[in-house]
Amino acid sequence: MSESFILSSTAGAVLTLTLNRPGALNSFNTLMHQQLLAALNAAAANAEVRCVVLTGAGRGFCAGQDLSDPAAAPELRPGAPATDLGVLIEGFYKPLVQRLRSMPVPVLASVNGVAAGAGANIALNCDLVIAAESASFIQAFSKIGLIPDAGGSWLLPRLVGRSRALGLAMLGDKLPAAEAERLGMIWQCVADEALASQTQALAERLAAMPTRALVATRQTLDAAGQMSMDEALSAEARLQGQLGAAHDYLEGVAAFKAKRLPVFSDR
Ligand code: T3D
């Protein structure tokens, strides 16, 4: 039987997926990639799940690609065949990022420690990122002669602006979680001892919200960057038209009028 590199636990409507290769700071080997994608696909298909939390086991969140994995490790030996990293990115990182960004529920990264290389960018692809004060983000790619991948080239300038994105990506310095919060790269930095409870509270809050509207919010914000104002106004009208016909809108307005808490159930 193969090892479990993804641990899964459920509390109410919140599913927590834990990257579980702590000895290698939860870096990605082929099997962990496959198991994470399968777990996300299962969560997407499970109507009981209304929020997914992604976190890491041990002292790290994720150190990116496992640099000792034979699928990726280059050999510094004359005549050794070159590894085509493009195949690895197309085959594993691209589908993973696409899956995260198209989940039918909100996805929360709970960054418990260092997030480096693709590990940092996997976290940043989640809808919200909450991080422990001792956690950090490192665009480690330049240090080994690569560019930011797992969507980093697209995300970083949008999150922190071109100047800071280039600084982070070229220098590959460790960015403490508090600084990441200050730059607007992540949602929140919290005390180490509060990470688990604040993650669960935030996840439960998201799970109780109108899921379809949250997912449409992600879609519309992501798409708006490529649109003119007129196009964005039309996209808003189209999506609002769809959401306005959904049960959660009727429930939200009815609850407001009745001065009671809404019970959202669409997904
Ligand atoms: O294949 C490709 O390259 C293409 C795909 C690219 C996507 C990418 O993600 S490229 C970037 C890959 N990641 C890195 O370059 C980060 C490498 N790791 C580090 O720089 C450091 O480990 C950290 C800054 C993240 C943490 O440093 P520190 O001092 O807290 O921990 P450490 O002692 O370096 O690591 C602890 C263990 O984890 C150690 O193993 P050991 O000696 O205790 O047996 C270390 O080798 C292992 N580890 C850390 N990162 C990786 C790793 N093992 C394999 N791959 C890793 N990425």
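Scroll up a little and you will see the structure.
Thresholds applied
Residues numbered from 1 in each chain as written. Predicted model: local features only at pLDDT ≥ 70, side-chain atom pairs only at ≥ 80, totals over all residues. Heavy atoms only, no water. Pairing = 2+ DSSP bridges. Helix = DSSP H or I, 4+ residues; strand = E, 2+ residues; numbered from the N terminus. Axes fitted to C-alpha atoms, helices over the stretch in contact; angles between N-to-C directions. Phe/Tyr/Trp six-rings, centres within 6.5 Å; stacked < 30°, edge-to-face > 60°. Lys NZ or Arg CZ within 6 Å of the ring centre and 35° of its normal. Near = heavy atom within 4 Å. Polar contact = N/O pair within 3.5 Å; in protein donor to acceptor, adjacent residues only side chain to side chain. Areas by Shrake-Rupley, 256 points an atom, 1.4 Å probe, with all protein chains shown as cover. Nonpolar A, V, L, I, M, F, W, Y, C, P; charged D, E, K, R; others polar. Contact = heavy atoms within 4.5 Å. 1 Å grid on protein atoms, 1.4 Å probe; cavity = no way out; pocket = protein on both sides within 12 Å on 5 of 7 lines; lining within 4 Å. Points joined across faces, edges and corners; volume = space filled by probe spheres on them. Domains from an automatic or database assignment.

**Quick word on the sheet that holds strand β6 (residues 114-116)**
- Taken together, four strands build an open sheet; the order of strands is β4-β6-β8-β9 and the sheet is mixed. Strands at the two margins of the open sheet, each flanked by one partner only, are β4 (60-62) and β9 (174-176). Each adjacent strand pair in this sheet contributes to an overall mean axis angle of 20°, direction not counted.
- Across three bridges, the pairing between β6 and strand β8 (residues 136-138) is parallel. If you follow Val114 over to β8, its bridge partner there is Ser136.

**Focus: the packing of aromatic side chains**
- Taken as a whole and assessed by the stated rule, the structure comprises one aromatic pair.
- The residue whose ring lies beneath Arg21 is Phe5, and the NZ or CZ to ring-centre distance is 5.3 Å.
- Here the guanidinium or amino end of Arg158 rests over the ring plane of Trp154, the centre of that ring lying 3.9 Å away.

**Comments concerning the site of the ligand**
- Surrounding the ligand, one finds 23 residues, the nearest of these being Arg59, Ala63, Gln65, Leu67 and Ala118.
- Here an oxygen atom of the ligand sits 2.9 Å away from a polar atom, N or O, in the side chain of Arg59.
- Residue Leu67 places a main-chain N or O atom 2.9 Å away from a nitrogen atom belonging to the ligand.
- The fraction of the free accessible surface of the ligand (1,000 Å²) that becomes covered by protein chains is 63%.
- Those elements giving two or more residues to the shell around the ligand turn out to be α2 (85-101) and β6.
- Classifying every residue of the shell around the ligand gives 15 nonpolar, five polar and three charged.

**Quick notes on the environment of Ala116**
- Relative to the assigned elements, Ala116 resides in strand β6.
- If we skip the residues at most four places from it in the chain, Ala116 touches Cys62, Ala63, Gly64, Ile138 and Ala140.

**Thoughts on the layout of surface pockets**
- Its boundaries defined by the atoms lining it, the largest pocket holds a volume of some 710 Å³.
- As for the largest pocket, its lining consists of 25 residues, of which Cys126, Asp127, Leu128, Leu221 and Asp222 are closest to the centre.
- If you list the elements that add at least two residues to the lining of the largest pocket, you get β7 (128-132), α4 (152-160) and α8 (211-224).
- If you tally residues by element for the lining of the largest pocket, the top one is α8, at six residues.
- Taken together, the residues that form the lining of the largest pocket break down as 16 nonpolar, four polar and five charged.
- No fewer than three residues from each of domain 1 (6-207) and domain 2 (211-258) sit in the lining of the largest pocket.
- Estimated volume of the second largest pocket: approximately 450 Å³.
- If you go around the second largest pocket, you meet 22 residues; those closest to its centre are Gln65, Leu67, Leu85, Ile144 and Leu146.
- Counting residues per element, the lining of the second largest pocket draws most heavily on α2, at four residues.

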